[in-house]
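Spelled out, the chains give:
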Amino acid sequence: MIAFTVNGNKVQVDAAPDTPLLWVLRDNLGLNGTKFGCGIAACGACTVHLDGGPVRSCTTPVSEVAGKKVLTIEGLSRNNSHPVQKAWIAQNVPQCGYCQSGQIMTAVALLAKNKNPSDAEINEWMAGNICRCGTYNRVRRAVHHAAKLMGA
Amino acid sequence: MKSTVNESRRTFLKASVAAGGGLLIGFHIPGAMRLGEAATASSAQINAFVKIAADNLVTVVIGQSEMGQGVWTTIPMMLAEELEADWSKIRVEQGGIDPAFANPRYVGFRAQGGFQGTGGSSSVRNVGVNVRKAGAAARQMLITAASQTWGVNEEECYAEKNMVIHRPSGKKLSYGSLAEKAAKVPAPKYVALKNPQDFKIIGKSIPALDTPAKVSGKTVFGIDVKVPGMLVATVAQCPVFGGKAASFNADKAKAIKGVRHVVQISSGIAVVADDFWSAKKGRDALEITWDEGPLARVSQADLFKSFAELSQKPGAVRRNDGDVEKALKEAPKKIEAIYEIPFLAHVCMEPMNATAHWRGDSVEIWAPTQAQSWTQTAVAKLTGLPPEKIKINTTFLGGGFGRRLFNDFVIDAVESSKAVGAPVKVIWTREDDIQHDFYRPASYNVLAAGLDGKGIPVAWKHRIVGTSILQFFPPFSHLLRKDGLDPNSVGGAGDIFPYNVPNVYVDYVLHNPGVPSGFWRSVGNSQNAFIMESFIDELAAAAGKDPFEYRLQLLKNPRDKGVLELAAHKAKWGSPLPAGVYRGIAEHFSYNSYCAQVAEVSVGRDGKVKVHRIVAAVDPGWVVNPDTFKAQIEGGILYGLSGALFGEITIKNGRVEQSNFDNYPVPRMSDMPKIEVHILQGEGEQGGAGEPGVPSSSPAVANAIFAATGKRIRKLPVRAEDLRTA
């Protein structure tokens, strides 16, 4: 059994130690908001926070998570009240929506480090998150919007 | 747009009492499954366009697939407009399979009930009119019910915001309170649709209804489906197209904790486990001997060599105006070029997946599919079950782009569930997705044009040698002409020829050793517009003319000209640009929309291409939701650039050499140019949104690269090493 905290709740899971955190979240804990996109940490769809920093859960073995704190999209807010979610709604960002959990989690981590990022800083920070629908420009706008909502 | 619409012979409105009371309206196709029966049999599967309940909520039932293009918002907007609904009372539900949802664009594509599917940028422009009729009929019936209740003349009543109002007295009744009575009113034979100047909802940038769920992680995509007792599978498919497992040893796979079954299915060996990771580990542990089949000898270079050889002979004729050979011979100047287009994968962010529950005499499927009725037909053929025993639940789609018109991933789930006797969710890995796609066709194109003394083209000849889409899509295979012409693969290359050229000849040679080919957002247009709009640019250059002026002079249709001029005007064509930045222009008509784009591009000394900005002008007749429309054009532009600047699938020994995002790159945030979309609203018939942004983006960029470097891009993708100057 491996014990850690997800979205403030203590959990214990019976999973092989090499199981990626992504599949423990999805298959063991029923948290489906975190998405599978590539399995090689190349697309960002699986981004969650581990002890406050963004990680690719598809290549993070659950054994490395023992005793740590995980935050997923489900833990951001109960009612889309997180400023980044509000900004995403205000800017009509999603199309298919599949990559957006990862985009949002990456953006939240960015704004925790950098309260008012420039376009170039956003591009660089978000470079690991792929969107095939072409929402990048709206994502960038929404990050600026969220920065304003957060008082930058 | 007509204000009154006669019902077509195929469909008529049908109203019935909804389960639990209320009004239910849809379309009924004579001889097909009865709408009302399906609707009342189970409240979970409502097959109609609209249900109005006693609580005054209006549920719009969608037969289209939501893959990011916005049908969960635009279809309800069209219905709410005609219904005079209160937008805050609108709810949306995904419908099942029903002839009522047959896509009018594809009427006749299936013997019974039509083709229910989402493609061809057809939801709003083709399905929308039925939805509007349903809304208008419901409004009329609610007005009738109210007038009967009050004992007043119908003409004295009108509808507004979920209420029927009696004008003389000011009396009001809510739709909810009238719904049950309205359900007993005969459905009107004719319905009047509103005139555009009376629109209150259509034409507004209403936020997408599915956004809140998508930013909270709550949206259920196919991969998120959970069914009690469900197992999870991955399938080892032969890396070579058409290959089969000759033998396999599952001992090591079965030894892995969580692995329950290893079964052979049509596409390969399925490892069925308690969860995905166990299934994946089990698959990695399989020992399989493949019978790779004849395609194991096929490689990219040989394929293009065959294409080149075949281009020596005439093909199936797509267009033949005048006498192209004579005109070419007599023209004072002749321009020739060869354009090569690689295979491309779709790479939807959500890898292919589906869930099936085989129950012996029936099967239930949950799938992110673009093609419900065709999938049902395929499963019926596979299992011998009658179609009505095959229930398909459409989930949200994590991207579609044409990939999910195919149903290979659904067949995997059905066969796996049947083999193990439990519900099974099959999940493909990204590697499976890239190596077992139905690729955008590869093609080899021979072009020739003759110019007169003033540089004006008098002849245009285009021979396309390439793979066929329709060979791989049975429901539309009857469209593949007997002489081998695939109108889909040739799409955009001569079905309509936009330029005023007296002698035009376009033909097609189908050649494919067996690489699956498919619909890729905007289909033939995506590559043929690149070729045509690059070649016309070559002619302009040869004539020493400005590429914008040259097109404007030659375009026949005022709407083509209109978007070209608007894009050029908004981009300030001809005005100075920052040092090192150059412009290119292109225009293409597809899916009944006209789209011109001006690209601003720089090319570094290292040969790297930077697209700074694209200014697009689109004439789609009229739009339902300007913001979701613009989002579709933005997305289409980036999808086109993805194909032109990044994407290439190559075949070696019958297998795809690429496997994941590390070797099949796609645009990242910094690769997306600034995009301006200008909508030209005309009086025309409505055009599509999802695809028309794609075709003109790649030639606009390639033409800008020519302006910047003097090098013409005739082989995709664009390669930095070809453009390097230092």
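Starting afresh in each chain, residues are numbered from 1 along the sequence in its written order. Working convention: letters from A go to chains and numbers from 1 go to ligands, in the order in which they are written. The predicted nature of this model means local features are confined to residues of pLDDT at least 70 and side-chain atom pairs, given and counted, to a pLDDT of 80 or more, with totals for whole chains, interfaces and linings taken over all residues.

Looking only at helices and strands, chain A has five helices and five strands in total. Counting from the amino terminus, chain A carries its helices and strands in the arrangement β-β-α-β-β-β-α-α-α-α. The globule rule used for comparison is 2.2 Å times the number of residues to the exponent 0.38, while the radius of gyration itself is calculated over C-alpha atoms. Compactness check: chain A gives a C-alpha radius of gyration of 15 Å against a globular reference of 15 Å for 152 residues, within 12% of the reference. Expressed as lengths along the three principal axes of its C-alpha atoms, the size of chain A is roughly 40 × 30 × 25 Å. Neighbour counting defines burial: a residue surrounded by 20 or more other C-beta atoms within 10 Å of its own C-beta is buried, one with 12 or fewer is exposed, and intermediate counts give partly exposed, using backbone-placed C-beta atoms. Taken over 152 residues, chain A has a buried fraction of 61%. Throughout, a pair of residues is in contact if the C-beta atoms placed from their backbones lie within 7 Å. The long-range share in chain A, meaning contacts at least 24 apart out of those at least 6 apart in sequence, stands at 62%. What counts as a helix is a DSSP run of H or I of at least four residues, what counts as a strand is a run of E of at least two, and both are numbered from the N terminus.

Now for the domain arrangement of chain A. Residues and elements named next belong to chain A. The source of the domain bounds is an automatic or database domain assignment. What the domain assignment reports for chain A is domain 1 (2-75) and domain 2 (83-149). Spacing between the C-alpha centres of domain 1 and domain 2 amounts to 21 Å. Facing 14 residues of domain 1, the contacting portion of domain 2 comprises 11 residues. Going through the elements one at a time, strand S3 (47-50) and strand S4 (53-56) are the ones with two or more residues in the side of domain 1 that touches domain 2. Take the side of domain 1 that touches domain 2: its biggest share by element is three residues, from S3. In the side of domain 1 that touches domain 2, the residues fall into six nonpolar, seven polar and one charged. Classes in brief: Ala, Val, Leu, Ile, Met, Phe, Trp, Tyr, Cys and Pro nonpolar; Asp, Glu, Lys and Arg charged; the others, Gly included, polar.

Okay, the nonpolar core next. All names here are of chain B. Note on terminology: a nonpolar core is any set of buried Ala, Val, Leu, Ile, Met, Phe, Trp, Tyr and Cys residues joined through C-beta atoms within 7 Å. Counting residues in hydrophobic clusters, the biggest one holds 273 residues, and the most contacted among them are Val50, Leu142, Ile365, Ala567 and Ala616. The greatest single-element share of this core, amounting to 12 residues, is contributed by helix H3 (residues 123-150). Residue contacts for Leu142: discarding those within four places in its chain leaves Ala159, Val164, Tyr175, Leu178 and Ala182.

Tallying the contact residues gives 42 residues for chain A and 45 residues for chain B. If you list the elements that add at least two residues to the side of chain A that touches chain B, you get helix H1 (21-28), helix H2 (83-90), helix H3 (100-113) and helix H5 (136-149) of chain A. For the side of chain A that touches chain B, the element with the most residues is H5(A), which contributes four residues.

A word on the confidence of the model for chain B. All names here are of chain B. Known as pLDDT, the predictor's confidence for each residue is given on a scale from 0 to 100. Looking at chain B as a whole, the pLDDT averages 92, with 94% of positions reaching at least 70. Of the regions scoring below 50 in pLDDT, residues 28-47 engages in 50 contacts with residues more than four places distant in sequence or in other chains. What the predictor reports for the complex is a pTM of 0.95 with an ipTM of 0.98.

Moving on, we get to the domain arrangement of chain B. Residues and elements named next belong to chain B. Taken domain by domain, chain B consists of domain 1 (4-203), domain 2 (222-293 + 352-427) and domain 3 (300-343 + 439-723). Measuring from the centre of the C-alpha atoms in domain 2 to the corresponding centre in domain 3 gives 37 Å. Listed by partner, the interface residues are 11 residues for domain 2 and 12 residues for domain 3. Residues that form the side of domain 2 that touches domain 3 fall into these classes: seven nonpolar, two polar and two charged.

Residue and element names in this part refer to chain B. Here a strand pair is declared whenever DSSP counts at least two bridges between the two strands. Within the open sheet, the four strands sit side by side as S25-S26-S27-S30. Their pairing is mixed. Either end of the sheet is taken by a strand with one partner, and the two such strands are strand S25 (582-590) and strand S30 (674-679). Ignoring which end each strand starts from, the neighbouring axes of this sheet average 15° apart. Two strands pair when backbone bridges link them, and strand S27 (residues 609-619) and S30 are joined in this way by six bridges, in the parallel orientation. What sits directly across from Val618, in S30, is Ile679. Packing of helix H16 (residues 626-646) onto the sheet brings it into contact with S27 and S30, and relative to S30 it is tilted by some 130°. Here the axes come from fitting lines to C-alpha atoms, over the contacting stretch only for helices, and the angles between their N-to-C directions go from 0 to 180 degrees.

Bringing the packing of H2(A) against H5(A) into the picture now. Residues and elements named next belong to chain A. Direction vectors running N to C along H2 and H5 enclose 130°, while the axes themselves pass 8 Å from each other. With respect to their mutual orientation, H2 and H5 come out oblique. Pair H2 / H5 crosses with right-handed handedness. Counting all contacts with H2, which are made through Pro83, Val84, Lys86, Ala87, Trp88 and Ala90, the residues of H5 involved are Ala142, His145, Ala146 and Leu149. Classifying every residue of the contact of H2 with H5 by side-chain character gives eight nonpolar, one polar and one charged. Under this scheme an angle from 65 to 115 degrees is roughly perpendicular, one under 35 degrees roughly parallel, and one over 145 degrees roughly antiparallel; angles in between are oblique. Less than a right angle of anticlockwise turn of the near helix away from the far helix marks a crossing as left-handed, whereas a clockwise turn marks it as right-handed.

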